[in-house]
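Summary of the model geometry
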Amino acid sequence: MRYRTWLSTATFTALALPLTAPACVGQSRSDLYVCEGCEAIHERSFDDLTWQTTIPPEGEPGEPLVLTGQVFQPDGRTPAAGVIIYAYHTNAEGVYPTHGGERNWARRHGYLRGWVKTGAEGRYEFRTIRPATYPSRNAPAHIHLVVKEPGRQEYWIDQVVFEDDPLVDSQYRAERDERGGPGIIRLSKDESGTWQGRRDIVLEP
């Protein structure tokens, strides 16, 4: 089947951090809620969400990837329960694939997207595939992340990117805002050949 595809021109910067609080603790960003496409988080009901989900349909080409993490309050220590995380990314060819007939933000974000809701310990898990960089190679391969805390408007955090990506160079590292903590993560393969990565998130003040 041939899929129609779109490349997103937005460079949302995805999620989270190790277990240390970001430099912005105690400070509120003036542009925190400036976010094209973050409203896509509402394109699914939150009622039946759990802390785990599988993003790709069965048979989707690509190397399997499990992204896990824990979400913390702005103090960097207290687990944050009830936080919605919306993730989307490119496929193994570096494009946002669609089946055709998508509506709203699904037309740009594609079908490789998913939602989770953290439990009492603030944990989350996305089972997906490792995304590829855009064909233009103008940005590292990445996973976009948007968070919505109870009683607050949704906002974006630094994209998840991979330490072994040659496009994650010194200039890229220097330009990161570290929203939600640094989004550069290290991947390793388990015995089954699945990439494993951890992205802890510290919520923005």
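What you see is a predicted model; the values in this text were computed from it and never measured.

In terms of regular secondary structure, the chain is built from two helices and 14 strands. For the chain, buried positions account for 52% of its 205 residues.

Mapped onto the elements of the fold, Ile41 is located in the loop between strand 1 (5-6) and strand 2 (52-54). Of the residues examined, Ile41 reaches a relative accessible area of 0% and is grouped as buried. For the pair formed by Ile41 and Arg113, sequence separation is 72 residues and the distance between their alpha carbons is 10.0 Å. Other than its neighbours up to four places away in sequence, Ile41 contacts Phe46, Ile84, Tyr86, Trp115, Val146, Val147, Lys148 and Glu154.

This part takes up the confidence of the model for the chain. Averaged over the chain, the pLDDT score is 89; the fraction of residues at 70 or greater is 87%. Low pLDDT, under 50, characterises residues 1-25; the predicted model gives this stretch 106 contacts beyond four residues in sequence or across chains.

Evaluation of the coordinates by the stated rule reveals 12 salt bridges. Here Lys189 ties to Glu63 by a salt bridge, and the two come within 3.4 Å at their closest N and O atoms. With Lys189 in strand 12 (residues 188-189) and Glu63 in the loop between strand 2 and strand 3 (64-72), the pair connects residues that are 126 residues apart, well separated along the chain. In this structure Glu63 comes out as partly exposed when scored by relative accessible area, which is 38%. Arg186 is the salt-bridge partner of Glu163, the closest N and O atoms lying 2.8 Å from each other. Here Glu163 is found in the loop between strand 10 (160-162) and helix 2 (170-174), whereas its partner Arg186 is found in the loop between strand 11 (184-185) and strand 12, with 23 residues between them in sequence. Its relative accessible area of 34% is what places Glu163 among the partly exposed residues. Residues participating in the shared-partner salt-bridge network are Asp31, Asp177 and Arg179.

Looking now at the state of the cysteines. Under the definition given, this model contains one disulfide. Residue pairing for Cys35: its cysteine sulfur links by disulfide to Cys38, the two sulfurs lying 1.6 Å apart. Across the disulfide from Cys35 to Cys38, rotation about the S-S bond amounts to roughly 70°, and the bridge is consequently right-handed. Both residues of the pair, Cys35 and Cys38, belong to the buried class.

Of note, the phi angle at Asn104 is positive, near 55°, even though the residue is not glycine. For Asn104, a relative accessible area of 56% corresponds to the exposed category. The residue Arg137 is not glycine, and still its phi comes out positive at about 55°. Along the chain, the position of Arg137 falls in the loop between strand 7 (123-129) and strand 8 (142-148). With relative accessibility at 46%, the residue Arg137 sits in the partly exposed group.

With that settled, the discussion passes to the pairing of strand 3. In terms of burial, strand 3 is largely enclosed, as seven of its nine residues are buried. As paired elements, strand 3 and strand 7 share seven bridges and run antiparallel to each other. Note that in strand 7 the partner of Leu67 across the bridge is Phe126. Note that strand 3 and strand 14 (residues 201-202) share two bridges and pair parallel. Paired with Val71 across the two strands is Ile201, which belongs to strand 14.

The next point concerns the nonpolar core. Of all hydrophobic cores here, the largest spans 28 residues; its most connected members are Val71, Ile85, Tyr124, Phe126, Ile143, Leu145 and Phe162. Every residue in contact with Phe126, bar those within four places of it in the chain, is listed here: Thr53, Ile55, Leu65, Val66, Leu67, Ile85, Ala87, Gly114, Trp115, Val116 and Leu145. The next biggest cluster of nonpolar side chains, apart from the first, holds 15 residues, and it includes Ile41, Tyr88, Tyr134 and Ala139.

Looking now at the packing of aromatic side chains. One pass over the structure, following the stated rule, counts six aromatic pairs. A connected cluster of aromatic rings, assembled from ring pairs, spans Tyr86, Tyr88, Tyr96, Trp115 and Tyr134. One Lys or Arg, Arg130, reaches over the ring of Phe162 and ends 4.9 Å from the middle of that ring. In this structure, Arg130 packs its charged tip against the face of Trp195, placed 4.7 Å from the ring centre.

Reading guide: rules and limits
- Residues numbered from 1 in each chain as written.
- Predicted model: local features only at pLDDT ≥ 70, side-chain atom pairs only at ≥ 80, totals over all residues.
- Heavy atoms only, no water.
- Helix = DSSP H or I, 4+ residues; strand = E, 2+ residues; numbered from the N terminus.
- Buried < 20%, exposed > 50% of the residue type's maximum accessible area, 1.4 Å probe, protein only.
- Contact = heavy atoms within 4.5 Å.
- pLDDT = per-residue confidence, 0-100.
- Salt bridge = Lys/Arg side-chain N within 4 Å of Asp/Glu carboxyl O.
- Disulfide = S-S within 2.5 Å.
- Pairing = 2+ DSSP bridges.
- Core = buried A, V, L, I, M, F, W, Y, C linked by side-chain atoms within 4.5 Å.
- Phe/Tyr/Trp six-rings, centres within 6.5 Å; stacked < 30°, edge-to-face > 60°.
- Lys NZ or Arg CZ within 6 Å of the ring centre and 35° of its normal.

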